[in-house]
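As a plain string of letters, each chain reads:
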Amino acid sequence: MPILGIMASAISGNLSSYESISTVTVGSGGQASVSFTSIPTSYKHLQVRYFARNTASTGRMRLQMNGNTGSNYSTHLLNGDGTSVAAFAGASLVQISAGSLLTGTANVFSAGIVDILDYANTTTNKTVRVLSGSDYNGSGEFAFTSGALLSTSAVTSLLFYIDSLTIAQYSSFALYGIK
């Protein structure tokens, strides 16, 4: 994860432009979701960097903002595994796809970088972009995702979950504010 974080910082801007807001590391037994609440509105953008896996089979990381569970999200996903490529687009969804498939294989984690652009602006809908990848011990997947929440409310909370699965122990999520 440190390499992805450094690369994302170098691509996105100056390293000193990032301020750590909160970090969550999943404990023993895992948990259904990871949330960040009471997010201050004093930054230009938000970034979440995660290193995660689930406890069963495979599933995609999902994101909901502000507790909004209405059908007002859209998402676009482009992914490849070295052999084939696939694409998905959807509207009127209850979440944004926030990453590649995560496996339940022991010690095989996926990494993702989630940018929430102009999150505090109250005159525009919220736009999200995600760069993520998974290694399945010899194979893997890379995904680029974009999405939107059709709401002009400032983003004050984020909820990450993996379909209906459990986020495994040692998964880590770090929230940054970008000046």
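The sections below set out a description of the structure shown in this document.

Rules behind the numbers
- Residues numbered from 1 in each chain as written.
- Predicted model: local features only at pLDDT ≥ 70, side-chain atom pairs only at ≥ 80, totals over all residues.
- Heavy atoms only, no water.
- Helix = DSSP H or I, 4+ residues; strand = E, 2+ residues; numbered from the N terminus.
- Rg over C-alpha atoms; globule rule 2.2 N^0.38 Å.
- Buried < 20%, exposed > 50% of the residue type's maximum accessible area, 1.4 Å probe, protein only.
- Contact = heavy atoms within 4.5 Å.
- Areas by Shrake-Rupley, 256 points an atom, 1.4 Å probe, with all protein chains shown as cover.
- Lys, Arg positive; Asp, Glu negative; His and termini not counted.
- Charge placed at Lys NZ, Arg CZ, Asp CG, Glu CD.
- Polar contact = N/O pair within 3.5 Å; in protein donor to acceptor, adjacent residues only side chain to side chain.
- Pairing = 2+ DSSP bridges.
- Salt bridge = Lys/Arg side-chain N within 4 Å of Asp/Glu carboxyl O.

1. Overview of the overall build of the protein
For the protein, the count of helices and strands is one helix and 12 strands. On C-alpha atoms alone, the protein measures out to a radius of gyration of 15 Å, which is about the 16 Å that the 2.2 N^0.38 rule sets for 179 residues. Each principal axis of the C-alpha distribution contributes one length, and for the protein these read about 45 × 35 × 30 Å. Here the protein holds 179 residues, and 45% of them are scored as buried. At a minimum sequence separation of 6, the contacts of the protein that also span at least 24 residues come to 76%. For the protein, the accessible surface area stands at approximately 8200 Å², while carbon and sulfur atoms represent 55% of it. Taking the average place of the 8 positive charges on the side chains of the protein and the average place of its 7 negative ones, the gap between the two points comes to 7 Å.

2. As for the side chain of S171
If you trace the backbone, S171 turns up in the loop between strand 11 (158–162) and strand 12 (172–178). S171 sits in the buried class, given a relative accessible area of 0%. A polar side-chain atom of S171 sits 2.8 Å from the main-chain carbonyl oxygen of A168. Setting aside its immediate chain neighbours within four residues, S171 contacts V24, T25, V26, F51, A52, R53 and F109.

3. Regarding the pairing of strand 5 (residues 73–80)
Here strand 5 pairs with strand 6 (residues 85–93) via seven bridges, running antiparallel. Looking at strand 6, one finds that L77 is bridged to F88.

4. Structural notes on the side chain of Q95
Structurally, Q95 can be placed in the loop between strand 6 and strand 7 (96–103). For Q95, the side chain forms a polar contact with the side chain of Y161, separated by 3.3 Å. Aside from chain neighbours lying at most four places away, what touches Q95 is R62, L63, Q64, Y73 and Y161.

5. A word on the pattern of salt bridges
Inspection of every chain in the model, using the stated rule, returns five salt bridges. Notably, a salt bridge pairs E19 with K179, separated by 3.0 Å at the nearest N-O pair. In this pair, E19 sits in strand 1 (residues 18–25) while K179 sits in the segment after strand 12, placing the two residues 160 residues apart along the sequence. Classification of E19 as partly exposed rests on a relative accessible area of 29%. A salt bridge links D118 to K44, with the nearest nitrogen and oxygen atoms 2.7 Å apart. Here D118, found in the loop between strand 8 (110–117) and strand 9 (126–135), pairs with K44, found in the loop between strand 2 (33–36) and strand 3 (45–52); they are 74 residues apart in sequence, far enough to count as distant.

The analysis is restricted to geometry; functional conclusions fall outside its scope.
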